[in-house]
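Summary of structural features
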Amino acid sequence: MKITMIGAGYVGLVSGACFSDFGHSVVCVDKDPGKIEALEAGRMPIFEPGLDALVAKNVAAGRLSFTTELADAVRDAGAIFIAVGTPSRRGDGHADLTYVYEAAREIAGALTGDTVIVTKSTVPVGTGDRVEEIIRELRPELRVEVVSNPEFLREGAAIGDFKRPDRIVVGSESEWARDVMREIYRPLYLNQAPMVFTSRRSSELIKYAANAFLATKITFINEIADLCEAVGAEVQDVSRGIGLDNRIGAKFLHAGPGYGGSCFPKDTVALLKTAEDYATPLRIVEATVQVNDSRKRAMGRRILQAMGGDVRGRTVGLLGLTFKPNTDDMRDAPSLAIIRSLQDAGVSIKAYDPEGMEVARPLIGDVELVGDAYEAARDVDALAIVTEWDAFRALDLTRIAASMRTPLLVDLRNIYSPSEVERVGLCYVPVGSPS
Ligand code: UDX
């Protein structure tokens, strides 16, 4: 099938590359000529493991191409996906749908026949209705249906998540559109990936409810981690002990510095806005958002406390800046709040991140960016692990301890055990256990 993907951002690019890998013919459209030029030259606009090879393979096979010309790309398409950004609207936190509606109008102008239009962008309940209205008003002679098909991929694991999804959600109002979606996802469907067919509004809500639930799960274990510290329990044992209950599940129970990224922070707030609009408060999600915000700020204080009060003129090394490993994404990263509170206290900062330093640089003031983890540890009064990159999991702790001015390791991701750290003479402050 010929598929047109509007938007070559994270979701659009990964989905487009994966659909082409299934054998579909995919054109990715983006307004940014720089991005399209880079993609045509084989350079990826984002860091995502495996994406460059997947794109190169399918471009070479003639199944994947890039363009800035929406009208050409839309002609004769079997399905048109809208995968443009829905950032937080400045000032009120509602999802900003400007790009979605703009894409809808442009698609309407270029359609050449009956077409299924699929929103893959994360959009509030009712957006599909509005997109359909826009297109029908402009092209009343055509048969058009707007389908909701949210994407659940995680950054850093995007290709695996897309190709082996826990489920595919399709919100549609007609059998015609459902058949088109079955054909598009046929390879996954044959591979036993469950397809959930539902109404468009339910599908739109599924995406927000899933993200809000996961954000709440993380926030729950983070608060339990605080309680563990107070009562003398170990959060990792508590996570394992509760996660083995199938009704709870082990995933997303790692205590840490709070969730960040491009989805959880923005989607939880946008869901609260929808709830407000419909006068149906979601108090649990409200608490999640508040607790997570204050947790990110508290992580800086935790490092300062571990250093014992008077910290002016001292230096802290940070390992990891991105909101999670295997990405260069800095959006709402806990490191940003940590850096702010350390700088407010008059502490100098050195930092190292395997992929995120270029993106981080303009966001973090006069933090000194260094070339590896050992440089970040040299002559500092505390070293804090902020993001759990694999490269930080097997550091030479003896070397680190010897090079620090004060041997203190604050592990905000619990990737070491107290015994191995303390053995080399480092004082260890993990998350969620009495230190
Ligand atoms: C998330 C959803 O997982 C995905 O389904 C959706 O499509 C987009 O949003 P992503 O933001 O890429 O994906 O990353 P994810 O791996 O979910 O992590 C989000 C944040 O939660 C990160 O800051 C991570 O460090 C944090 N996290 C995750 C924890 O603190 N503990 C955990 O146990 C899991």
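Residues numbered from 1 in each chain as written. Predicted model: local features only at pLDDT ≥ 70, side-chain atom pairs only at ≥ 80, totals over all residues.

1. Here's the deal with the pairing of strand 6 (residues 144–148)
Of all five residues making up strand 6, five are buried, and the element is well covered by its neighbours. As judged from the five bridges shared by strand 5 (residues 115–119) and strand 6, these two strands associate in the parallel manner. Note that in strand 6 the partner of I117 across the bridge is V146. (Buried ≥ 20, exposed ≤ 12 C-beta atoms within 10 Å, placed from the backbone. Helix = DSSP H or I, 4+ residues; strand = E, 2+ residues; numbered from the N terminus. Pairing = 2+ DSSP bridges.)

2. Considerations on the site of the ligand
As a structural note, the neighbourhood of the ligand is formed by 19 residues, with E155, H254, Y259, G261 and C263 the closest of them. Broken down by element, the shell around the ligand gets its largest block of residues, three residues, from helix 10 (residues 200–231). Residue composition of the shell around the ligand, by class: 10 nonpolar, five polar and four charged. In terms of domain composition, the shell around the ligand takes at least three residues from each of domain 1 (2–198) and domain 2 (199–435). (Near = placed C-beta within 6 Å. Nonpolar A, V, L, I, M, F, W, Y, C, P; charged D, E, K, R; others polar. Domains from an automatic or database assignment.)

3. Remarks on the sheet that holds strand 10 (residues 348–352)
Taken together, the six strands give an open sheet; going across it, the order is 11-10-9-12-13-14, and neighbouring strands pair in parallel fashion. A single partner strand is all that each edge strand has here, and the edge strands are strand 11 (368–369) and strand 14 (427–429). With three bridges connecting them, strand 12 (residues 382–385) and strand 13 (residues 408–411) associate as parallel partners. Across the sheet, L383 pairs through a bridge with L409, a residue of strand 13.

4. Let's talk about the environment of G16
Secondary-structure assignment places G16 in helix 1 (residues 10–21). Each C-alpha atom of the pair G16 and L336 lies 32 Å from the other, and the pair is 320 residues apart in sequence. Not counting chain neighbours up to four residues away, the residues in contact with G16 comprise M5, V26, C28 and L64. (Contact = placed C-beta atoms within 7 Å.)

5. A few points about the domain arrangement of the chain
On domain assignment, one finds that the chain holds domain 1 (2–198) and domain 2 (199–435). Computed from C-alpha coordinates alone, the two centres of domain 1 and domain 2 are separated by 32 Å. Contact with domain 1, which involves 26 residues of that partner, is made by 24 residues of domain 2. Along the lines of polarity and charge, the residues of the side of domain 1 that touches domain 2 split into 11 nonpolar, 12 polar and three charged.

6. Things to note about the packing of helix 10 against helix 13 (residues 283–306)
For the pair helix 10 and helix 13, interaxial distance at closest approach is 9 Å and the crossing angle is 55°. One finds that helix 10 runs oblique with respect to helix 13. The interaxial crossing formed by helix 10 with helix 13 has left-handed handedness. Between helix 10 and helix 13, the residues in contact are A212, A215, T216, T219, N222 and E223 and I284, V285, T288, V291, N292 and R295, respectively. Of the residues contributing to the contact of helix 10 with helix 13, the split by class is five nonpolar, five polar and two charged. (Axes fitted to C-alpha atoms, helices over the stretch in contact; angles between N-to-C directions. Parallel < 35°, antiparallel > 145°, perpendicular 65-115°, else oblique. Left-handed = near helix turned anticlockwise from the far one by under 90°.)

7. Remarks on the confidence of the model for the chain
Interpreting fine coordinate detail is not advised for predicted regions of low pLDDT. Mean pLDDT for the chain: 96, with 100% of residues reaching 70 or above. Here the predicted complex carries an ipTM of 0.97, next to a pTM of 0.96. (pLDDT = per-residue confidence, 0-100.)

8. Description of the packing of helix 10 against helix 11 (residues 235–243)
Two elements in contact, helix 10 and helix 11, have axes whose closest approach is 9 Å; the angle formed by their N-to-C orientations is 130°. For the element pair helix 10 / helix 11, the angle class is oblique. Note that helix 10 runs across helix 11; the crossing there is right-handed. Here I221, I224, A225 and C228 of helix 10 come into contact with helix 11, specifically with V235, V238 and S239.

9. What about the nonpolar core?
If you look at the biggest cluster of nonpolar residues, it comprises 125 residues, and the most contacted ones within it are I6, I117, I303, L319, A382, L383 and A384. There are two domains that each give this core at least three residues, and those are domain 1 (2–198) and domain 2 (199–435). Not counting residues up to four positions away in its chain, the partners in contact with L383 are G317, L319, A376, A377, I400, M404 and L409. (Core = buried A, V, L, I, M, F, W, Y, C linked by C-beta atoms within 7 Å.)

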